[in-house]
Amino acid sequence: MDNPNEVNQRPADNSKEWKLIEKVVMNLQGEQRKARRWGIFFKLLTAAYLLAILALFRMPSGMESAPSKASEHVAIIEVNGVIAAEQDASADNIIGALRDAFDAENALGVILRINSPGGSPVQSGYVYDEIKRLKEVRPDFPVYAVIMDLGASGAYYIAAAADEIYADKASLVGSIGVVGSGFGFVDLMEKVGVERRQYTSGEHKGFLDPFLPENKDEKEFWQSVLSVTHKQFIAQVKAGRGDRLKETPDMFSGLIWSGEQALEMGLIDGLGSSSQIAREKLNVEGLVNYTRKPNPWEEVMGRFGTSFGHGVASFFAQQTMVLR
C-alpha cells in the first residue's frame, strides 16, 4: 500500500518538473527570437550597403571620365581642408591633379579652388614648386587661384604660385606666418606628484617635451627655426606676387584680412568666382573637376568598416537597454 506522504508529494514534484520544462522552452524561444533579430539585422545591413554601392557607381561624379577627350574647358582643382600628407589636400593629390590638367589637350587653363586654413609648409612648398615647374613646361597655360571662404597660411602659399588670385569680398585671406605650439605640464605634474623619467642620447633630443621645464636656449633655437621657415614663406609670396604687393608692416605678421582688404594690399588681383573667372579670363563655360578623389570601392569599404562598428555597438546598446 502506498505511503500517504509519497502520494501527496507526487503532484508537487510533477508541478516542479512542468515549471522547469516551461522555463527551458521559454528560454529556447527567447534565444530563437534573438537569433532572428541578428539575422534580420545583418540582412538589412548587407542590403543597405549593396544599395549604397550601386548608388555610388551610378551617381555622377562631377568629373568627366576622360577629361582629355572633352570639349574645351577649364580644369578645376579643389584645395579643401588641412594641407597635409594623407589628407585630401595632400601635395600628392594636388600635384597629380595639376599634371593631369596640364596634360589635357582641351583644357585651356586651371583654377585652384581654395578653401583651406593652411597646413604643412613642406606640402605647400611642394605644390608651389610644381606649379612653377609646370608653368615652365607649358607657359601658355594660365593658373588662377580662387579663394572661397578661407585661403590662409599654407593655402595662400600655394595661391601665390598662380598667375592671378581672386576671392570674394568676404573671404579671409593671408595669415602669412608660421606657428609651432605645444603645452607645458610641469606644474601640474608637481601638484599630482608625478615624476617624469626620460632617457635620451643627445643633449637637446627631448627639447619639445611638454613635461620638461622650458629651456631658454632651446626656446631661442626653436624660434630661429620658425623664423627661417617664415622667411622662406615670405620670399615665395614676394616671388609669386612681385610688384603687385603693397607691402605694409603687418602684411607678413600672420594677420588675416577680408577679400576687399586683401585686394587693396595686392594680396589678390580681384573679386570673383570660379565660373566668373572661366568666362571672363578664358572665354569658356565648361568646368571639369580634376580633383583627385579616393577610389570609390576603397571609400565604400572604409565607410563600411566604420558603420559596421557603429551598427554593432548600437545593436548591443539597444539589447542592454531592453534587458535592464
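All values derive from a computational prediction rather than experimental measurement.

A. Geometry of the environment of Leu-267. By the element assignment, Leu-267 lies in the loop between helix H7 (259-265) and strand S7 (270-271). Residue class for Leu-267 comes out buried when judged on its relative accessible area of 0%. Once the C-alpha coordinates of Leu-267 and Tyr-156 are considered, the two residues, 111 residues apart in sequence, prove to be 9.1 Å apart. In this structure, Leu-267 is in contact with Tyr-156, Ile-165, Ile-176, Arg-241, Leu-245, Met-251, Trp-257 and Ala-262, ignoring residues within four places of it in sequence.

B. The arrangement of helix H6 (residues 216-241) in detail. Here H6 is 26 residues long and its end C-alpha atoms lie 37 Å apart, about the 38 Å a rise of 1.5 Å per residue gives. Of the residues making up H6, those classed as buried are Glu-218, Leu-226, Phe-233, Ile-234, Val-237, Gly-240 and Arg-241. In this structure, the buried residues of H6 make contact with helix H3 (121-137), helix H4 (154-159) and strand S4 (164-167). Capping the start of H6, Asn-215 holds a side-chain oxygen 2.9 Å from the backbone nitrogen of Asp-217, two or three residues further along. Once H6 ends, the next one or two residues include Gly-242, with phi positive near 60°.

C. Looking closely at the confidence of the model for the protein chain. Summary statistics for the protein chain give a mean pLDDT of 81 and a share of 78% for residues scoring 70 or more. The weakest mean pLDDT in the protein chain belongs to helix H9 (residues 296-323) at 45; the strongest belongs to S4 at 98. The low-confidence segment residues 59-69 (pLDDT under 50) makes 15 contacts with residues lying over four places distant or belonging to another chain. Counting contacts from residues 311-324, a segment whose pLDDT is below 50, to residues more than four positions away or on other chains yields seven contacts.

Calculation notes
- Here the residue numbering is sequential within each chain, running from 1 through the sequence in written order.
- Under the rules for a predicted model, residues below a pLDDT of 70 receive no local features and side-chain atom pairs below 80 are neither given nor counted, while totals for whole chains, interfaces and linings still include all residues.
- In computing side-chain values, all of the structure's heavy atoms are included and hydrogens and water are not.
- Only runs of H or I of at least four residues qualify as helices and only runs of E of at least two qualify as strands under DSSP, and these elements are numbered from the N terminus.
- Only protein chains enter the accessibility calculation, which uses a 1.4 Å probe. A residue is then buried if its area is under 20% of the maximum for its type, exposed if over 50%, and partly exposed in between.
- Only heavy atoms enter the contact rule, under which two residues are in contact if any of them lie within 4.5 Å.
- Every helix has an expected span of 1.5 Å times one less than the residues it contains.
- Here a polar contact means two N or O atoms within 3.5 Å. Within protein one must be a hydrogen donor candidate and the other an acceptor candidate, and residues neighboring in sequence count only if both atoms are side-chain atoms.
- Each residue carries a pLDDT value, the predictor's own confidence for that position, ranging from 0 to 100.

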